Number of protein chains: 2
Amino acid sequence: MPSLTTPFPLLRWLRRYRRVDAGADLLAGTVTAVLLVPQAMAYAVVAGLPPQVGLYASVLPSLAYALFGTSPYLGVGPVAVNALMVASALAVVGHGDPAQQIVNAQVLAAISALTLLGLGALRAGAFMSFLSRPVLDGFTSGAALLIVLTQLPALLGVSTHSGPLLHEVLLAVWRALPAVNWPTLALGTASIGLLALSGLPLRSVLGRLPLSSLQADFIGRLTPLVVLALATVAVAVGELATRGVAAVGTIPAGLPTPSLAFLRASTWLELLAPGMLIALISYVSSVSIAQGLASRRRERIDTDQELFALGAANAAAALGGALPVAASFSRSAINFSAGARTPLAGVVSALLVGGTALWLTGLFHDLPKAALAALIVVAVTPLINVHGFRRTLAYSRGDGLTFGATFVAVLFLGVERGLLFGALLGLAVYVWRTGRPHVAVLGRVHGSEHFRNVNRYHVETWPNLLLIRVDESLYFANASRIEETILDQIAAHPLVTDLVLIGSGINHVDSTGLAMLETLLPALREAGVRTHLAEFKGPVLDRLKGSGLLETLAPGQVFLSTEQAVTALAQPYDEPVSI
Amino acid sequence: MPSLTTPFPLLRWLRRYRRVDAGADLLAGTVTAVLLVPQAMAYAVVAGLPPQVGLYASVLPSLAYALFGTSPYLGVGPVAVNALMVASALAVVGHGDPAQQIVNAQVLAAISALTLLGLGALRAGAFMSFLSRPVLDGFTSGAALLIVLTQLPALLGVSTHSGPLLHEVLLAVWRALPAVNWPTLALGTASIGLLALSGLPLRSVLGRLPLSSLQADFIGRLTPLVVLALATVAVAVGELATRGVAAVGTIPAGLPTPSLAFLRASTWLELLAPGMLIALISYVSSVSIAQGLASRRRERIDTDQELFALGAANAAAALGGALPVAASFSRSAINFSAGARTPLAGVVSALLVGGTALWLTGLFHDLPKAALAALIVVAVTPLINVHGFRRTLAYSRGDGLTFGATFVAVLFLGVERGLLFGALLGLAVYVWRTGRPHVAVLGRVHGSEHFRNVNRYHVETWPNLLLIRVDESLYFANASRIEETILDQIAAHPLVTDLVLIGSGINHVDSTGLAMLETLLPALREAGVRTHLAEFKGPVLDRLKGSGLLETLAPGQVFLSTEQAVTALAQPYDEPVSI
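Colleague: Would you take a moment to explain the side chain of A:Asn82 for this structure?
Modeller: Relative to the assigned elements, A:Asn82 resides in helix α5 (residues 80-93). The contact partners of A:Asn82, leaving out residues within four places of it in the chain, are A:Ile278, A:Ile281, A:Ser282, A:Val325 and A:Ala326.

Printed below as a string of structure tokens:
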């Protein structure tokens, strides 16, 4: 495994490159390209751009990621959720001019690149981690459902104009229903059926044939291409264009010359916020894919270097006339399982797509749009994570609520506002949860040095002594509640003269927590109670010492263990105590 | 101490009321009223309202709080920071019509009341706790500085029109400087000087006279009234009105009849957000004052009942033609130290202010506005908490940053946006901090059952065994970083076959943390490492069991203590190990 400290991880891989690696990378890159070509065109259409823009987004960006990235497996290019975010951003600034929309997509890629490179320079990738898994899953599920809905007009052969939200799309489709084009619907439905078969059913048939598992796998992966080819042939042979079936039409051959013309666009300011959100989602999803694959082989990726690599890939997308890019889960997984060894597999894919753009665009002239829509529907439907929602809800109601609310917010507020809503809700749920910490009154298990909750165990206690353990860091969201709980306990135990705060669960005390202790300790002293600390962690205690709190604590003391505190402070019950 | 479960805590107090309590309450209520009358008028002026509105806000609301509140000490009425928030809200909807602005102030009080009563019904007072101490202090400091600045025109005797932000006010004052009215400036400066003397210097002089400490205290507290009286006499005798000194003028005598006319105002929607923020600040500051005073006498307040009491006080303010109310720190502290025993002290204050509004408003005709401005400047300047900022910064750079940034944001963005900015920044700083948890590799202290950090202690380790302790709850902000750290450690110890995760510092695992473990455990197993858990807390372990994670853990085991894990798993170094 190469060191991760070079800016060009690829060079390290090449130094120890062997012939067997080349074979593996060639095969994996080819298998991935077979899925990449149709997906790239389809996702460009999702973004509201001509299909060839998706091909452009799969050449230079893939090469840039191969040069800078630390994962050998990532398939970088257009992805579904990003494409929807691009569509949402372009809808706001768009004026119907397709050439201008390509420039706007480049601006989004450039903003995304600058965001990622800026965070990379600050080594601040971890800043992205404020998005929780329920928020990301709810967001992805909502975006996937919206993508499926936006494919309905193409599958029905109707043209609609509507906003991107659930109710807007459904209303527009409902109104257009009388104009449905039946040949288009038949073609789309058949494509979906065939593509769905390429999953389990086809695999099970292939498994019974006398093929190696690699051969069976490869044939299974050809399905999307085969379906698109069949649909194209059907359109051409059946002259379905005359019966109202819309096809992709003429795609210009070749690749655009890299250009900086997008720098002069007037839409930078308007696209700033969406571009930054696209960068955020691209990074979080790509890194989680890369980490998932790397950990299966006891390998590591460098998350800060990944900021540079994804930034470079998006800069290449901007230069190369394309939309923002990220890692695709399906293509990365295929690249991994097909045996990719180094980023050269990605180079192979990029070259094959480049060749397609140069020489094979003529093949797509009769490709029906409904077949592309079918490909999208089958690809993104698994992202609607119903099982994940059920599991999350079963594990934690707060997290399940966040998942569901983010999903609904994306459907009805749109991708950008839905994501912000989810992020804030996730934070609120966390603050709510840690704001209600577990606070236990402890006693000693007879004949031991173990201390347990008096409500759950039969334990030894002392009339003058109260042992309280707080199972959470002291910070602003829980400081006043913890203070209340302690004062309630003191009020309920009027004989107590010594309180021992047990800090084994306190990882941090923020300045609100400190201020709470600074008012609590003198108040307890005025009320005739000495406070002591036990089992506080070294770093926490150091910080409290620096603040001068330990002087406020006097005559209370600091004990290393609860047992020591009890030995020093406990007075036995020397007379019958009335309850 | 009365039980807190009744909706009318006052009744409980009255049941055991004794004669000595009556004397104490009468004295404390009178002392507080002496400060309340001038402050109430002054803060109404800060809010951009006629001075008598401040008096109205001190009668019905004080009585309502006395009936429902659980603190005997709180002085409820107009307060400085709320007054600034009211001014900011009224500036947006204002049309220069003073009668309409009073209605708008009532609407703000009503929204504030509904917010507090709604949260009270949900028993959701703790929801307010997402405001940290540094955010509150930075907010209060910034608001206090803005209040001081808005008094400059009155002190200089100039009239300006400007927005409420720092640079707007300063620019307007700078432009108006040539028109300064010297008699006004002299009167204002003299008032500030005298009021400042009423602090330490006067106390020290009074201390040397043959007075009881209560007498000396009472004389000291008369200073504001004396200064205002002197200034009024100076205006009347010196006929300063003819020399351009602005006075309060005619104040209508009497109290307004409670009325619901404000319900028909058209500004409810526009005032919704500011009204809710005012409720938030009122509650948080009032409860912190009440808790601080109660804890000094080993008493408790009921924070949920306080929501009802403050809601009722604001409803009374809306009905009684006044602005939103809260507890004043200075008046509550005076009430406490003057010996208040029950909420009847607040009733005494309310009746005295009511009498003033009925019969004594004629006294204020010649009261110069500059003297009221001087009173405000002296009252709010101590709220600009420079010492607190230095201490917070010394204790925690993140909290200091939050304090300072909130302060600056209030000055340049205004009270509402500044508060929201501060609240979000406080959350971001907390997520940033807990996103970087302390993760330690442990070894055993020779001859003991204690385990310590290998980097800080000379401890025993084993070639096949890695002990890792995570000192933070596993949640979305740190899950990927903890995963990375663990995988880095595994990569750095190629001989390790057993990893023990020590969970003594883990108070909670959210679903992002669970998902991390669900991918980490199989990845480690594929890489030839069994993972075990030790010292996980009961509730955390229960939840992980429910999720099915423990099946994923197999063949790894769950140990109660680290020592048990080491006993079961450790293999000694049986041959020289090359490093």
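Let us keep going from here.
Colleague: When you look at the sheet that holds strand β4 (residues 451-453) of chain A in this model, what are you seeing that I'm missing?
Modeller: Backbone-to-backbone hydrogen bonds pair the strands of a sheet. The strands run either parallel or antiparallel. Residue and element names in this part refer to chain A. Across the sheet, which stays open at both edges, the 6 strands sit in the order β4-β3-β5-β6-β7-β8 with mixed pairing between neighbours. Since the sheet does not close on itself, it has two edges, and those belong to β4 and β8 (558-559), each with one partner. In the sheet, strand β3 (residues 439-444) pairs with strand β5 (residues 465-470) via 4 bridges, with the strands oriented antiparallel. Its bridge partner being in β5, Val441 is matched across the sheet by Ile468. Sitting on the sheet, helix α21 (residues 479-492) is in contact with β3, β5 and β6 (498-502), with an inclination near 160 degrees to β5.

Colleague: Quick question: what am I supposed to make of the pairing of β3(A) here?
Modeller: In the case of a regular strand, side chains alternate between the two sheet surfaces. Residue and element names in this part refer to chain A. For β3, a buried count of 5 out of 6 residues is recorded, marking the element as mostly surrounded by other parts of the structure. Judged from the 3 bridges that link them, β3 and β4 form a sheet pairing that is antiparallel. Counted as the bridge partner of Gly443 is Arg452 from β4. Between β3 and β4, which pair antiparallel one after the other, the connecting turn spans 6 residues, and Gly447 there sits at a positive phi close to 75 degrees.

Colleague: Teacher, can you tell me more about the packing of helix α2 (residues 19-46) of chain A against helix α17 (residues 369-380) of chain A here?
Modeller: A pair of packed helices is characterised by two quantities: the angle between their axes and the separation of those axes. Residues and elements named next belong to chain A. One can describe the packing of α2 onto α17 by two numbers: an axis separation of 9 Å at closest approach and a directional angle of 95 degrees. Between α2 and α17, the interaxial angle falls into the category roughly perpendicular. The segment α2 lies against α17, with Pro38, Gln39, Ala42, Tyr43, Val45 and Val46 engaging Leu372, Leu375, Ile376, Ala379 and Val380. Grouping the constituent residues of the contact of α2 with α17 by class yields 10 nonpolar, 1 polar and no charged.

Colleague: Hey, could you run me through the pattern of salt bridges in this one?
Modeller: If the charged atoms of two oppositely charged side chains come close together, the side chains can form a pair. Throughout the structure, instances matching the rule amount to 17 salt bridges over all chains. For the salt bridge of A:Lys537 with B:Asp471, the shortest nitrogen-to-oxygen distance reads 3.7 Å. A residue pair is termed interchain when its members come from two chains, as with A:Lys537 in the loop between β7 (530-534) and α23 (538-547) and B:Asp471 in the loop between β5 (465-470) and α21 (479-492). An identical accessibility class is assigned to A:Lys537 and B:Asp471; each is buried. In this structure, the salt-bridge partner of B:Arg444 is B:Glu460, at a minimum N-O distance of 3.3 Å. In this pair, B:Arg444 is assigned in strand β3 (residues 439-444) and B:Glu460 in the loop between β4 (451-453) and β5, connecting sequence segments 16 residues apart. Relative accessible area serves as the criterion here: at 14%, B:Arg444 is assigned to the buried category. The exposure class of B:Glu460 is partly exposed, given its relative accessible area of 21%. Connected through shared salt-bridge partners, A:Arg18, A:Asp21 and A:Arg341 make up one network.

Colleague: Would you mind going over a nonpolar patch on the surface with me for this structure?
Modeller: Residue and element names in this part refer to chain A. On the surface, a cluster of nonpolar side chains totalling about 540 Å² of accessible area is made up of Leu255, Leu358, Trp359, Leu360 and Leu363. Tracing the sequence through the fold places Leu255 in the loop between α12 (213-237) and α13 (268-295). Accessibility expressed as a relative area gives 37% for Leu255, which makes it partly exposed.

Colleague: It is not clear to me how the relation of the copies chain B and chain A should be interpreted in this structure. Could you clarify?
Modeller: The relation between the two copies of this chain is a rotation about an axis and a shift parallel to it. With an RMSD of 0.1 Å, the operation that places chain B on chain A is a rotation of 180 degrees combined with a shift of 0.0 Å along the axis. Overall, the copies show the geometry of a two-fold rotation axis. No C-alpha of chain B lies nearer the rotation axis than that of B:Gly505, which sits 2.7 Å from it. In this assembly the copies share their binding face: 100% of the residues contributing to the interface of chain B also contribute to that of chain A.

Colleague: Explanation requested: the sheet that holds strand β6 (residues 498-502) of chain B in the structure shown.
Modeller: What the 6 strands build is an open sheet, ordered β4-β3-β5-β6-β7-β8 (chain B); its pairing is mixed. The two strands at the open ends of the sheet, each matched to only one other strand, are β4 and β8 (558-559) of chain B.

Colleague: Looking at this structure, how should I read the interface of chain B and chain A?
Modeller: One frequent convention defines the size of an interface as the accessible area lost when the parts assemble. Facing the 63 residues of chain B at the interface are 64 residues of chain A. Approximately 5,700 Å² of surface area, both sides summed, lies buried where chain B meets chain A, with 54% of it carried by carbon and sulfur atoms. There are 4 salt bridges connecting chain B and chain A. The interface formed by chain B and chain A contains 21 residue pairs in polar contact (both at pLDDT 80 or more). At 8 residues, the largest contribution of residues to the side of chain B that touches chain A is made by α21(B). Here the side of chain B that touches chain A is built from residues that sort into 26 nonpolar, 18 polar and 19 charged.

What counts, and where the lines are drawn
- Residues numbered from 1 in each chain as written.
- Chains lettered and ligands numbered in written order.
- Predicted model: local features only at pLDDT ≥ 70, side-chain atom pairs only at ≥ 80, totals over all residues.
- Heavy atoms only, no water.
- Helix = DSSP H or I, 4+ residues; strand = E, 2+ residues; numbered from the N terminus.
- Contact = heavy atoms within 4.5 Å.
- Pairing = 2+ DSSP bridges.
- Axes fitted to C-alpha atoms, helices over the stretch in contact; angles between N-to-C directions.
- Buried < 20%, exposed > 50% of the residue type's maximum accessible area, 1.4 Å probe, protein only.
- Parallel < 35°, antiparallel > 145°, perpendicular 65-115°, else oblique.
- Nonpolar A, V, L, I, M, F, W, Y, C, P; charged D, E, K, R; others polar.
- Salt bridge = Lys/Arg side-chain N within 4 Å of Asp/Glu carboxyl O.
- Patch = residues over 30% accessible without salt bridge, like charges linked within 9 Å, V, L, I, M, F, W, Y side chains within 5 Å.
- Areas by Shrake-Rupley, 256 points an atom, 1.4 Å probe, with all protein chains shown as cover.
- Least-squares fit on C-alpha atoms with pLDDT ≥ 70 in both.
- Buried area = accessible area lost by both parts, 1.4 Å probe.
- Polar contact = N/O pair within 3.5 Å; in protein donor to acceptor, adjacent residues only side chain to side chain.

Functional significance is not addressed by these values, which are geometric in nature.
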